[in-house]
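Topology and contacts: notes
Below are the chains, spelled out letter by letter.
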Amino acid sequence: MNNSLTGDVLIEVRKLVKHFPVAGGLFSRTVDYLKAVDEVSFNIKKGETLGIVGESGCGKSTLGRVIMRLLEPTSGEVLFRGQEIFGMPCKEFRKLRRDMQIMFQDPYGSLNPRMSVGKIIGEPLEIHGIAKGPQKIERVKELLEVVGLSPSYIHRYPHMFSGGQRQRIGIARALALHPMFMILDEPVSSLDVSTQSQIINLLEDLQEKFVLTYLFITHDLSVVKHISDRIGVMYLGQIVEMAPVSKIFSHPSHPYTKALLSAIPKLEPGGGSRKRILLTGDLPSPIHVTKGCRFHTRCYMKMDICVSHEPTLMPVDKEKEHLVACHLKIS
Amino acid sequence: MNYNLLLDVRNLRTVFYTSDGVAPAVDGVTFSMKKGESLGIVGESGCGKSITALSLMRLLPSPSGKIEDGQILFEGEDILKKSETAMRKIRGKKISMIFQEPMTSLNPVLTIGRQVSEALEERQKLWQRYNMGKPIEWLKKVGISLPERRVLEYPHQMSGGMRQRIMIAMAISSNPRLLIADEPTTALDVTIQAQILELMKNLKREFGMAILMITHDFGVIAEMTERVLVMYAGKIVEEARVEEILQDPKHPYTIGLLASIPRIDEKKRRLHVIEGSVPNPSDFLTGCAFQPRCKYAQEICLKHQPPLRALNGTRHLSCWIGTSEYSEEAQL
């Protein structure tokens, strides 16, 4: 897991933009755009886990979907093993999709209730022409065992399983094609703590076993700290801070990151001794994005420049690993 | 009678009649609360914590849910013996409740001002409905900006955090003695959660009501409460002051639960796992309900349900470990 520094880049995201049109007025004309993802760039090395953390509506799930090409981007590029994926013809891209898988948050909505577990996990094998008939069944049983379920469950249906077991089925389905890269979109958010720890441990074991690269999307800072090598903090469609885990938690630099970290209730009576930074107000609408820094409406360290000029993501340390988009750090 | 006692729940048993048979969702729960105290109930989904809260308010879905046994003494009077009319005088007046879903707990077709004023006065005269003075005052108290404008708006125009503030305003406007908060911040983002918890703490200080906080999040418990009940499969397995539970949990379930939480303030380690999952309330188990998942289980745990015994003045534990029936050597 910690070979991230020596490994090569598996996926590169360059200035990715996704705007959704907002309809309104007479004849539902497009009157505006919701800027869900706005010029996001990063790369992930082989075997690394990049955590993307942010509050609801910050665009983190859209980011995952655009990288998987489940949504077409407005502009920007994603390079998977050096190949640009958005310009690729569908036929070719389908081959590539074997290597990229996504897993969703809702274990109840993401499995077809009319399909048996065997069919759910076996479907990708058939579609990609990897295995059929008894061979397929063998492989499905093998996969069930890998994710810690009994192979005898193969004929059961999703409603017979608990939330944690369903997430395991989702993982087995994603693993069926031996992917290299997995996007995990809030995989443990709907689970109870005792089940959550089972799934987190399973994901870590699988990463080691199959040398997987993860993009882990979540709103839960403690989970993201536990599983990631690097973390990107998103706010209103942009990454405002990105750094290796240890740096982000020991030296959070963006005022938003600081507030986010201080907001987590600590497991100490009375919430511990630390001082809490309370942000005022809610996340502003991503439709009418204000000029200047996106965080300035809630920022407790606002300067004049923040209202007029948008800060760019710049390194603040010698190794150039710790990137922050804030005027405080640059000037 | 102890005049400091606000709520005394004795041997509460709430069952649900389902197609699979009778499921005891709350099974012999006993606890009490002092005036102005903040008590937390923590547990995983299906452990009966929300049903305990609904039983206190007598808001169980009818006819499937029923309180079969027990007493709920609120200010010395048994709530379970009261008529529905008498209950209406308690509900929302002396005991208020806020729910997890701020999206669905407000009426989408009435303005915020109308809903808050409804909470203020049960039977309203027509002219009172249009007097927004008091609702504005309450919205100001819970920190809503521009309350003069907000009273004329509808719930869909508000964010989740604002709706929860409005729910809180409605719940405390009658100056209740007890506020039951059922997962009040679970649906909210962390920065908004921090705002709401801060608000609840301030209001508690100002109004001096007791708070019963129901949550699955030990972080919220640590921040908000003085005393904790840990529930598992409809029963209280451990009761202690919050610092005792966090520093020295005794029940194997509590120990496992705390160890399986990824901590922000700790170095990375492998997460502890409690094997298996929570039993269904309709599965009848003899003995301790946690025994199938417990690594310390013995003969006695399989056969007999451990009683909730007192360890000291504030601590109670329902586990055979440490009793004379449990032998240190003989493990299964």
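Residues numbered from 1 in each chain as written. Chains lettered and ligands numbered in written order. Predicted model: local features only at pLDDT ≥ 70, side-chain atom pairs only at ≥ 80, totals over all residues.

A word on the confidence of the model for chain B
Residues and elements named next belong to chain B. Confidence along chain B averages 88 in pLDDT terms, with 94% of residues attaining 70 or more. At the level of individual helices and strands, chain B shows its lowest average pLDDT in helix α4 (residues 126-129), which scores 62, and its highest in strand β3 (residues 38-42), which scores 96. Reported for the predicted complex are a pTM of 0.86 and an ipTM of 0.81. (pLDDT = per-residue confidence, 0-100. Helix = DSSP H or I, 4+ residues; strand = E, 2+ residues; numbered from the N terminus.)

Re the interface of chain A and chain B
With 33 residues of chain A at the contact, the number on the chain B side is 37 residues. Among the secondary structure elements, those contributing two or more residues to the side of chain A that touches chain B are α6 (193-210), α7 (221-227) and α9 (255-263) of chain A. Here the side of chain A that touches chain B gets 7 residues from one element, more than from any other, and that element is α6 of chain A. Residue classes in the side of chain A that touches chain B are distributed as 13 nonpolar, 13 polar and 7 charged. (Contact = placed C-beta atoms within 7 Å. Nonpolar A, V, L, I, M, F, W, Y, C, P; charged D, E, K, R; others polar.)

Notes on the sheet that holds strand β4 (residues 75-80) of chain A
Residues and elements named next belong to chain A. In space, the 4 strands of this open sheet follow the order β2-β1-β4-β5, with antiparallel pairing throughout. Each end of this open sheet is capped by a strand with a single partner; those strands are β2 (29-45) and β5 (83-84). Across 12 bridges, the pairing between strand β1 (residues 9-24) and β2 is antiparallel. Residue pairing across strands places Phe20 opposite Leu34, the latter belonging to β2. (Pairing = 2+ DSSP bridges.)

Some remarks on the sheet that holds strand β8 (residues 213-218) of chain A
All names here are of chain A. Strand order in the open sheet formed by 8 strands is β6-β7-β8-β3-β9-β10-β12-β11, with mixed pairing between adjacent strands. Taken across any chain shown, the strands that pair with only one partner, and hence form the sheet edges, are β6 (100-103) and β11 (314-315). Where strand β3 (residues 49-53) lies against β8, 5 bridges are found, and the strand directions are parallel. Bridge pairing in β8 links Ile52 to Ile217.

Brief notes about unusual backbone geometry
With omega at 5 degrees, the peptide bond leading from Ser62 of chain B into Pro63 of chain B counts as cis. Within the secondary structure, Pro63 of chain B sits in the loop between α1 (49-57) and β4 (65-74). Located in the positive-phi region is Glu186 of chain A, a residue other than glycine, with phi close to 50 degrees. Along the polypeptide, Glu186 of chain A turns up in the loop between β7 (181-185) and α6. Within the chain, Lys320 of chain A stands out as a residue other than glycine whose phi angle is a positive 60 degrees. Here Lys320 of chain A falls in the exposed class, since 9 other C-beta atoms lie within 10 Å of it. (Buried ≥ 20, exposed ≤ 12 C-beta atoms within 10 Å, placed from the backbone.)

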